[in-house]
Structures are given as C-alpha cells and as structure tokens.
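# Examining the three-dimensional arrangement
One-letter residues, chain by chain:
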Amino acid sequence: MAGRRSGSAGDVWLRAPAREARAAPPLSRDRIVAEAIALLDEEGADRLTMRRLAERLGTGSTTLYWHVKTKDDVLDLALDAIFAAVQIPGEGGDWRADITALISGWHAVLLAHPWSAALLGRPMLGPNVLARSEFLYGTLLAAGVTEPHLTAAAYGLSNYVIGSALMQATWTAREQGARQAAREHFRADQDRYPALATHGPLAKDGDWQTSFTIGLTWLLDGIQAGAAEEASTES
C-alpha cells in the first residue's frame, strides 16, 4: 500500500490513466471528487484524509486507492472540478468585459469553497483550469498584450483574485470580535499607523466586493494603457 501513496501535487494530470480492475467496485472518480469537495467545504483541507474520505463514501481505503493514488490526487481533482463552475464567456465580446466576467466568476468560486485559494500554489494542469487559463491568455493576446507584458498581466490578474479571495475567506471565517480587536489595535497606535487607523486593511462588512471590483478595474486600466502604448510604439 505504501507504494500506492507515493507521489506529489500535480501528478494525477501527468500519470497515465490506470486500467480498470476486474470486478471494479461500485465507486467512481466523479463520486470520490464530489464527496471530497463536500468534506473540504465542511471542514477544510486539514481535515481531509484518505481514511475519512473512504468512511464518508462507505468503503475501505483499499478500494479508494483503486481510483486515486494519493491525497494529492484528491486535492488536485477537487480543485479542478470546482473550476467547472467558472463560466467561459462566448466569442466576439469586449475583451475587458470578458476578462471581468472570467475573473469575477473565479473569485466567486474561490469564495464558495474557502479551502481552495490556499491550495492554488499546486500545479494546475486539470482540463477545467487549463481551459480558463487558455481563454485568459487568448483574450489578452487579442487585446494586443504581448510578451513580456502578457505573462505579467496574466500573473497579475491571477495573483489578485487568489489574494483577494484568500484574505476575504480568512477574515470572514474569524469572529467579528477578532476583526474589531484588530481595528482597535490600529486606532490605539494611530500615531505609528495613521493610514491604517483611518482606513485599515480589513474591509468592513459588505465592502469586500466593492473593493475587489475597484481593484480589478484598476488592473484592467493598467493593462489597457500598456497595450495601447505598446501598439503606438510599434506603429
């Protein structure tokens, strides 16, 4: 069994599909992933183990390992599965509107699954993630963004949505009292932190989406200005 558990994050996308065993158990990869997502949503990534997942599925760990080799496999599959909910805009639209829709959808999915943002440092090679990444890169290219600005723009947008979701999920999960205590800490030492005491990095209740939308608009303004400058230089 130990041999089956070896591997690392991302391997599930690079490994050849296993042959179906004879007399395979009434368990599918899709069902495993769905139950894993439910467990992750309820309890977070730290509580996910192969044994607990097998128990929720009403099967043994040995049976589970016929379909997924490691916990990393499960996490990679779960991450890719939730990205299916991010709608890819249709062709022929305005590039800014399309990227706004894509990034906003990505943000909403990460917030719906608070465990996910903290895991996005893993290799993201699943079909759902790659389809959306391809759309992002293709849309930026069509807008006139070329290298080295293309990679910078794509990374900037990706890092922004991940960081925003991670911060919101982290602070939303904390008690209101803890957030209020942090604000009072800034005010008590406002001579040292005057900007934080007045404005603070902790969004007030209901302000998260407004801050996210404004930040995304500014990023797109910068990308658009850079593409226009690049086009004028080439002409």
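Bear in mind the structure is a predicted one, so any value in this text is a computation, not a measurement.

## Some points on the packing of aromatic side chains
Evaluated as defined, the whole model comprises two aromatic pairs. Considering the side-chain rings of Tyr-160 and Phe-212, the 5.2 Å spacing of their centres and the 10 degrees angle between planes classify their relative orientation as stacked. Highlighted residues: Tyr-160 in helix 8 (residues 149-173) and Phe-212 in helix 11 (residues 208-234), separated in sequence by 52 residues.

## Digging into the environment of Ile-82
Residue placement: Ile-82 occurs in helix 5 (residues 71-82). Here the alpha-carbon distance between Ile-82 and Val-33, two residues 49 residues apart in the chain, equals 9.8 Å. Those residues within four positions of Ile-82 in sequence are excluded, and the remaining contacts are Ile-37, Val-109, His-113, Trp-115 and Ser-116.

## Points about unusual backbone geometry
Here the amide bond leading from Glu-147 into Pro-148 is cis, since omega sits at 5 degrees, within 30 degrees of zero. Residue placement: Pro-148 occurs in the loop between helix 7 (127-142) and helix 8.

## Observations regarding helix 3 (residues 50-57)
When we look at burial in helix 3, the residues that qualify are Met-50, Leu-53, Ala-54 and Leu-57. Down the axis of helix 3, the buried set is contained in an arc of 100 degrees. They therefore lie on one face. Exposed side chains of helix 3 directed beyond 90 degrees from the buried face belong to Arg-51 and Glu-55. Turning to helix 3, the residues buried within the fold contact helix 2 (29-43), helix 4 (61-65) and helix 5.

Quick notes on the rules
Residues numbered from 1 in each chain as written. Predicted model: local features only at pLDDT ≥ 70, side-chain atom pairs only at ≥ 80, totals over all residues. Heavy atoms only, no water. Phe/Tyr/Trp six-rings, centres within 6.5 Å; stacked < 30°, edge-to-face > 60°. Helix = DSSP H or I, 4+ residues; strand = E, 2+ residues; numbered from the N terminus. Contact = heavy atoms within 4.5 Å. Buried < 20%, exposed > 50% of the residue type's maximum accessible area, 1.4 Å probe, protein only. Arc of directions from axis to C-beta.

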